[in-house]
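# Structural features, examined
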Amino acid sequence: MNDITPGWLVEPQALGLLQLRGDPQYRRIPVERRVESVEAALEDGRAFADRARDRWGSDPATIAACCDVPVIHSEDDAGFGSTIVHAEYRTRPPSIRLYLPSIRHIDRLVLQQGGRARLGIDQTAPVFLAHELYHHFDCTRSSAPLSRQYRVRLFGIGPWSWTSGLSSLLEIAAGAFAQQLLGLSFHPKVLDLLLVEQTKS
């Protein structure tokens, strides 16, 4: 496996743009709005993290408990095909499920990369839990969810116009939330890239 490229550790905007390129509506996003949208998502995640830390501290498990969001540790494999699922947030009722087999797998990859010395972590469960906490805060905010704040036009007929939100912005913001809350040196998208590197090796 290749070593983690140092630039990945310090460039959340570049990682955000990488995620944005994977959005189903990417080609409809005006070029001049792409960086702006990523920066807005990163800032949204950081702002929520700062508010959560000021109120409850920086431990994701404590925050989840204070917000009455149960955290379920599951031995299920929730992946499908080439998609690996580490955690998910469910809205009704609010809960976060951590999928331990895939988390243990990414923990081993982090250990191979020098874990504590290179990334500053030796366990990824808190990162995934923090990531899902952002989704809780986004779903329960008083204003529109982030994906609805940045919409693109699909098509229009006369005065009517159909639009779509950008789901990738949620993932960018959730990663920024985890990075800010936990004081990580990297945006958690790096963990996905570790998995990609493993499949290539």
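Thresholds applied
- Residues numbered from 1 in each chain as written.
- Predicted model: local features only at pLDDT ≥ 70, side-chain atom pairs only at ≥ 80, totals over all residues.
- Heavy atoms only, no water.
- Core = buried A, V, L, I, M, F, W, Y, C linked by side-chain atoms within 4.5 Å.
- Buried < 20%, exposed > 50% of the residue type's maximum accessible area, 1.4 Å probe, protein only.
- Helix = DSSP H or I, 4+ residues; strand = E, 2+ residues; numbered from the N terminus.
- Contact = heavy atoms within 4.5 Å.
- Expected span 1.5 Å × (residues − 1).
- pLDDT = per-residue confidence, 0-100.
- Salt bridge = Lys/Arg side-chain N within 4 Å of Asp/Glu carboxyl O.
- Pairing = 2+ DSSP bridges.
- Axes fitted to C-alpha atoms, helices over the stretch in contact; angles between N-to-C directions.

So, about the nonpolar core. Membership of the largest hydrophobic core comes to 50 residues, with the highest contact counts inside it found for Y134, F137, L146, L169, F177 and L191. The leading source of residues in this core is helix α8 (residues 167-182), at 9 residues. Ignoring any residue separated from it by four or fewer positions in sequence, one finds L191 in contact with I106, V110, T124, V127, F128 and F186.

Between its terminal C-alpha atoms helix α4 (residues 100-112) stretches 18 Å, which fits the 18 Å expected from 13 residues at 1.5 Å a residue. Buried residues of α4: L100, S102, I103, I106, D107, L109 and V110, and no others. Following α4 by one or two positions, G114 has its phi on the positive side, about 100°.

Summing up the model confidence of the chain, the mean pLDDT is 85 and the portion of residues at 70 or higher is 86%. Across the chain, the element-wise mean pLDDT spans from 70 in strand β5 (residues 160-165) up to 98 in helix α3 (residues 60-66). The low-confidence segment residues 1-8, where pLDDT is below 50, has 21 contacts with residues more than four positions distant or belonging to other chains.

Attention now goes to the pattern of salt bridges. Summed over the entire model, instances satisfying the criterion amount to 6 salt bridges. Here D44 ties to R141 by a salt bridge, and the two come within 2.7 Å at their closest N and O atoms. In this pair, D44 sits in helix α2 (residues 31-56) while R141 sits in the loop between α6 (125-140) and α7 (146-149), placing the two residues 97 residues apart along the sequence. Side by side, D44 and R141 carry an identical accessibility label, which is buried. Overall, R141 belongs to the buried group, its relative accessible area being 15%. Bridged by salt links that share partners, the residues D44, D138 and R141 form one connected network.

This paragraph deals with the side chain of D138. Mapping D138 onto the fold places it in helix α6. Relative accessible area serves as the criterion here: at 4%, D138 is assigned to the buried category. Beyond its immediate sequence surroundings of up to four residues, D138 is in contact with P145, L146 and L170.

This brings us to unusual backbone geometry. In this chain, R92 is followed by P93 through a cis amide linkage whose omega measures -10°. For P93, the position within the fold is in the loop between β2 (87-91) and β3 (94-99). At D68, a residue that is not glycine, the phi angle is positive and equals roughly 55°. Relative to the helices and strands, D68 is located in the loop between α3 and β1 (71-74).

It is worth spelling out the pairing of β2 at this point. Where β2 meets β3, 5 bridges bridge the pair, whose relative direction is antiparallel. For A87, the partnering residue across the bridge sits in β3 and is L98. Where β2 folds back onto β3 in an antiparallel hairpin, the turn is made up of 2 residues.

With mixed pairing, 3 strands are arranged side by side in an open sheet as β1-β3-β2. The open sheet terminates on both sides in strands that have one partner only, identified here as β1 and β2. Direction aside, the axes of adjacent strands within the sheet are offset by 20° on average. As paired elements, β1 and β3 share 4 bridges and run parallel to each other. Counterpart to H73 in the pairing with β3 is L98. The strands that α4 touches are β1 and β3; relative to β3, the one it contacts most, it runs at about 55°.

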